[in-house]
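Report on the structure
Each chain, letter by letter, is given below.
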Amino acid sequence: MPALPRSATPLVLLGLLIGLAGCGSVVDVDPAQDAANARCADVMIALPPSVAENEQRDTNSQATSAWGDPSKVVLRCGVDVPGPTTDPCVTVNDVDWVVREGDPAWTATTYGRDPAVEILFDPEEVASSTVLVELGDAVSRVEQSRACVGLSEATPAPAGG
């Protein structure tokens with residue numbers, strides 16, 4: 001099976017991973033653009049052996065991991081660092097995450113950390129709070145340089161005129 005193109009959507013990626021994972025083989029995950037970043041190695045060695053009661057599985061690319069058979073949670077380190085966004089940003093145990101709801105896959109991407117870490121999961125299969133808590137220690141190995149701000153904390157735009 002060929003690797004997915006970098007432009008694959010998280011939904012397509014998760015669907016393919018679930019299908020491939022059922023075979024009991026190594027999980028096929030396309031690496032992120034900055035997967036070779038040395039800080040990703042710090043994240044990878046700190047990953048827990050299980051997430052949401054799903055055991056960690058082998059993947060075929062650098063700076064990636066998956067849990068569950070079929071895969072319930074997929075992680076990629078070195079994805080594009082999100083800039084300011086209106087997407088929901090939540091803080092869980094001092095780690096900020098930009099969360100994008102999909103159907104069925106949700107994507108949570110660390111905010112304010114370079115390289116960024118992306119997690120794909122189906123909230124019907126695993127609770128987002130569990131996933132973000134259990135992976136928070138590993139992703140916190142990448143230093144935070146920015147933080148989520150709420151609307152009340154945002155700097156107002158200058159008045160036009």
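Rules used throughout
- Residues numbered from 1 in each chain as written.
- Predicted model: local features only at pLDDT ≥ 70, side-chain atom pairs only at ≥ 80, totals over all residues.
- Heavy atoms only, no water.
- Pairing = 2+ DSSP bridges.
- Helix = DSSP H or I, 4+ residues; strand = E, 2+ residues; numbered from the N terminus.
- Core = buried A, V, L, I, M, F, W, Y, C linked by side-chain atoms within 4.5 Å.
- Buried < 20%, exposed > 50% of the residue type's maximum accessible area, 1.4 Å probe, protein only.
- Contact = heavy atoms within 4.5 Å.
- Axes fitted to C-alpha atoms, helices over the stretch in contact; angles between N-to-C directions.
- pLDDT = per-residue confidence, 0-100.

On to the pairing of strand β5 (residues 89–92). Relative to strand β6 (residues 95–100), β5 is paired through 4 bridges, and the arrangement is antiparallel. Looking at the pairing, Cys 89 lines up with Val 98 of β6. Between β5 and the antiparallel strand that follows it, β6, lie 2 residues; Asn 93 among them carries a positive phi value of about 50 degrees.

Attention now moves to the nonpolar core. The biggest cluster of nonpolar side chains holds 28 residues, and the ones touching the most others in it are Val 43, Val 73, Trp 97, Ile 119, Phe 121, Val 131 and Leu 135. Of all the secondary structure elements, the ones that give two or more residues to this core are α2 (38–45), β4 (73–79), β6, β7 (106–110), β8 (116–121) and α3 (128–139). By residue number, the principal contributor to this core is α3, which donates 5 residues. The contact partners of Val 131, leaving out residues within four places of it in the chain, are Val 51, Val 73, Ile 119, Phe 121 and Val 126. Counting 5 residues, the second-largest nonpolar core is a separate cluster that includes Val 27, Val 29, Val 74 and Leu 120.

One open sheet accounts for 8 strands, arranged β1-β2-β3-β4-β8-β7-β6-β5; its pairing is antiparallel. Sheet topology places β1 (50–51) and β5 at the edges, where each strand pairs with a single neighbour. On top of the sheet, α2 reaches β3 (64–67), β4 and β8; it is set at about 155 degrees to β4, its chief contact. Sitting on the sheet, α3 touches β1, β3, β4, β5, β6, β7 and β8, and the angle it makes with β8 is about 155 degrees.

Before going further, it helps to examine the confidence of the model for the chain. Looking at the chain as a whole, its pLDDT mean stands at 85, while 78% of the residues score no less than 70. With pLDDT under 50 throughout, residues 1–22 is counted as low confidence; its partners more than four residues away or in other chains account for 41 contacts.

Of note, the amide linkage connecting Asp 69 to Pro 70 takes the cis form, showing an omega dihedral of 5 degrees. Its location among the elements puts Pro 70 in the loop between β3 and β4. A positive phi angle, near 50 degrees, is found at Asn 93, a position not held by glycine. Relative to the elements of secondary structure, Asn 93 occurs in the loop between β5 and β6. Judged by relative accessible area, Asn 93 falls into the exposed class, the value being 57%. One non-glycine residue, Asp 94, lies in the positive phi region at around 70 degrees. Structurally, Asp 94 is set in the loop between β5 and β6.

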